[in-house]
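# Coordinate inspection notes
If you want the building blocks of each chain, they are given just below.
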Amino acid sequence: MISQITAGDFEGLVEPMLSLLKQLVEQESPSDDKATLDSLGRFVAERKRLMGAKVTRFQEESYGDHWLGTWGEGTGGILLLTHLDTVYPLGTLTTMPYRRDAEYIYGPGCLDMKASIAMALTVLELLFSESNPLANRVSLMCTSDEEIGSPSSRERIEQQAKEVDLVLCLEPALPDGSLKTWRKGILNFELEAHGKSAHAGSDITAGVNAIVEIARQIPGVLDLANAADGTTINIGTIQGGSRSNVVPQCCSIEVDVRVQTKDEGERLIKAIHRLSPTLKDAELKIRGGWNRPPMERDQQMQATFMRAREIARQIPLDISEGGTGGGSDANFVAGLGVPVLDGLGVLGAGAHSPDEKIELHSIPHRCALLAALIRGW
């Protein structure tokens, strides 16, 4: 058994890990393609089985299936969270192939988050190949819909999280390697205005312009943002109208809201649902609310990070903390009151872009950190 985990223990495992990563990246897996997601899921599940895991498949009709691999018995233990899906459509590999240079690995989904799957499998294989098995039960969850808000996996994640002592989310680290001890919550809304069609030349006064109604609503929605509290609001899409000579009967917008606290989110929900039409005879329909609750830096989060920092110092590695406006599956866990750490993936940049890449030099250190947390918690 390795007496003290260090980055050096993983230097010789980088190339096998990258070989696995290449296979993962070259199996495209967009969130909306069940067939490719299930194919990749079966591939990863077989790797888990070969490593001695008990594999559970959670089948879905409309989304990709979700896969849980568990090593060890008993209650409690640690749950690792990863996702198989990416934001890239099928065919992206033709213009954005897996490639490598002296410093980086490039490819669709390599950072977010196929490198994390390869890293988790590499770390667990090392830990479970030692002569003395781990005392803790460890599970690795691979979901298929994180990039679209985890509509079918959220219940699975929460169910598994309630059964363990600690959840480690392997989303990419912050650019400087910091773990994520807070994430903003996400709310999504759709505002849909209904008016009345009419000829824009001969009968315009008989119409009720739905686009004008939405245009009047937008400033009021944006005014609900609060920079001091970190609340941001984005009007992401607008759709309406048919022809320039027709008074538009329908118009809608999609709104993305990010908040740092649950109370702030509830304020936004009430305010947006209180909006009312400004034009006579116009109708306004409002739908939406929470997508993900915030992951707040509360006392439990602070205590969890401090314990992780003490474990990391034994590698030795000094870790720092930070936060982001983006959400992850760790948001769901934090809302349950279960200890969770996020941002345990490798370092990199350009997630969701043509320049997505991971930093080669970060791999041994991030593997060592994950291994130390699993064995030392």
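See the structure above.
What you are looking at is a predicted structure, and each value in this text was computed from that prediction instead of being measured.

Thresholds, definitions, all that
- Numbers given for residues are sequential positions, taken from 1 along each chain in its written order.
- Reporting of local features is limited, given that this is a predicted model, to residues whose pLDDT is at least 70; pairs of side-chain atoms are given and counted only at 80 or more, and all residues count toward the totals for whole chains, interfaces and linings.
- Computation of side-chain values: all heavy atoms of the structure, hydrogens and water removed.
- Under the DSSP-based scheme used, a helix requires at least four consecutive residues in state H or I and a strand at least two consecutive residues in state E, with every element numbered from the N terminus.
- Throughout this description, a polar contact denotes any pair of N or O atoms lying within 3.5 Å of each other; where both atoms belong to protein, one of them has to be capable of donating a hydrogen while the other can accept it, and for residues adjacent in sequence the pair is counted only when both atoms sit in side chains.
- Residue contacts follow a heavy-atom distance rule, with two residues in contact if any of their heavy atoms lie within 4.5 Å.
- Among the buried residues, those of types Ala, Val, Leu, Ile, Met, Phe, Trp, Tyr and Cys that are joined through side-chain atoms within 4.5 Å form a nonpolar core.
- Using a 1.4 Å probe on the protein chains alone, a residue whose accessible area is under 20% of its type maximum counts as buried, one over 50% counts as exposed, and one in between counts as partly exposed.
- Lines are fitted to the C-alpha atoms to define the axes, a helix being fitted only along its stretch in contact, and any angle between axes, read from their N-to-C directions, falls within 0 to 180 degrees.
- Oblique is the label for any angle not under 35 degrees, not over 145, and not in the 65 to 115 range, which are roughly parallel, roughly antiparallel and roughly perpendicular in turn.
- Throughout this entry, Asp, Glu, Lys and Arg are counted as charged residues, while Ala, Val, Leu, Ile, Met, Phe, Trp, Tyr, Cys and Pro are counted as nonpolar. The remaining residues, Gly among them, count as polar.
- Salt bridges are identified by distance alone: a Lys or Arg side-chain nitrogen within 4 Å of an Asp or Glu carboxyl oxygen.
- Think of it this way: a Phe, Tyr or Trp ring, Trp meaning its six-membered ring, pairs with another when their centres are within 6.5 Å, and the plane angle makes it stacked under 30 degrees, edge-to-face over 60, tilted otherwise.
- When the NZ atom of lysine or the CZ atom of arginine is within 6 Å of a ring's centre and also within 35 degrees of its normal, the charge is said to sit over that ring.

What follows deals with unusual backbone geometry. The peptide bond linking Asp112 to Met113 adopts the cis configuration, its omega dihedral lying at -5°. In this structure, Met113 sits in helix H3 (residues 110-129). Of note, the amide linkage connecting Ile315 to Pro316 takes the cis form, showing an omega dihedral of 0°. Structurally, the position occupied by Pro316 is in the loop between helix H7 (299-312) and strand E13 (321-324). Backbone geometry at Ser150 places phi at a positive 60°, although glycine is not the residue there.

Quick look at the side chain of His66 now. Mapped onto the elements of the fold, His66 is located in strand E2 (residues 66-71). Within the structure, His66 has its side chain in polar contact with the backbone nitrogen of Ser144 (distance 3.2 Å). Of the polar contacts made by the side chain of His66, one reaches the side chain of Ser152; its length is 2.9 Å. Excluding residues that lie within four positions of it along the chain, His66 makes contacts with Thr56, Arg57, Phe58, Glu60, Met141, Cys142, Thr143, Ser144, Asp145, Ser152, Ser153 and Arg156.

Moving on, we get to the nonpolar core. Of all hydrophobic cores here, the largest spans 66 residues; its most connected members are Leu80 and Leu168. Leu80 has contacts with Ala120, Leu124, Val138, Ser139, Leu140, Met141, Leu168, Leu170, Leu370 and Ile374, leaving out every residue within four places of it along the chain. In terms of nonpolar packing, the next biggest core, distinct from the first, is built from 21 residues, Ile218, Leu224, Ile253 and Ala271 among them.

A few words now on the packing of helix H1 (residues 14-25) against helix H2 (residues 34-50). With their axes 10 Å apart at the nearest point, H1 and H2 run at an angle of 155° to one another. Overall, the two elements H1 and H2 adopt an arrangement that is roughly antiparallel. Contacts between H1 and H2 involve Leu20, Gln23 and Leu24 from the former and Leu40, Phe43, Val44 and Arg47 from the latter. Here the residues of the contact of H1 with H2 sort into five nonpolar, one polar and one charged.

Considering all chains together, one arrives at 21 salt bridges under this definition. With a shortest N-O distance of 3.0 Å, Lys22 and Glu26 are connected by a salt bridge. For Glu26, a relative accessible area of 41% gives the class partly exposed. The partner of Arg267 in a salt bridge is Glu264, and the shortest N-O contact between them spans 2.8 Å. Of the two residues, Arg267 and Glu264 are both situated in helix H6 (residues 262-273); the distance of three residues between them amounts to about one turn of the helix. Residue class for Glu264 comes out buried when judged on its relative accessible area of 8%. Each of Lys34, Asp38, Arg57 and Asp65 takes part in salt bridges that share partners, so that together they form one network.

Turning our eyes to something else, we now look at the packing of aromatic side chains. Considering all chains together, one arrives at two aromatic pairs under this definition. An angle of 25° between the planes, with centres 5.8 Å apart, marks the rings of Trp71 and Phe128 as stacked. Taken together, the residues Trp71 in strand E2 and Phe128 in helix H3 connect sequence positions 57 residues apart. The exposure class of Phe128 is partly exposed, given its relative accessible area of 24%. Arg307 extends its terminal NZ or CZ atom over the ring of Trp377, reaching a point 4.2 Å from the ring centre. Positioned over the ring face of Tyr104 is Lys357, at 4.3 Å from the centre of the ring.

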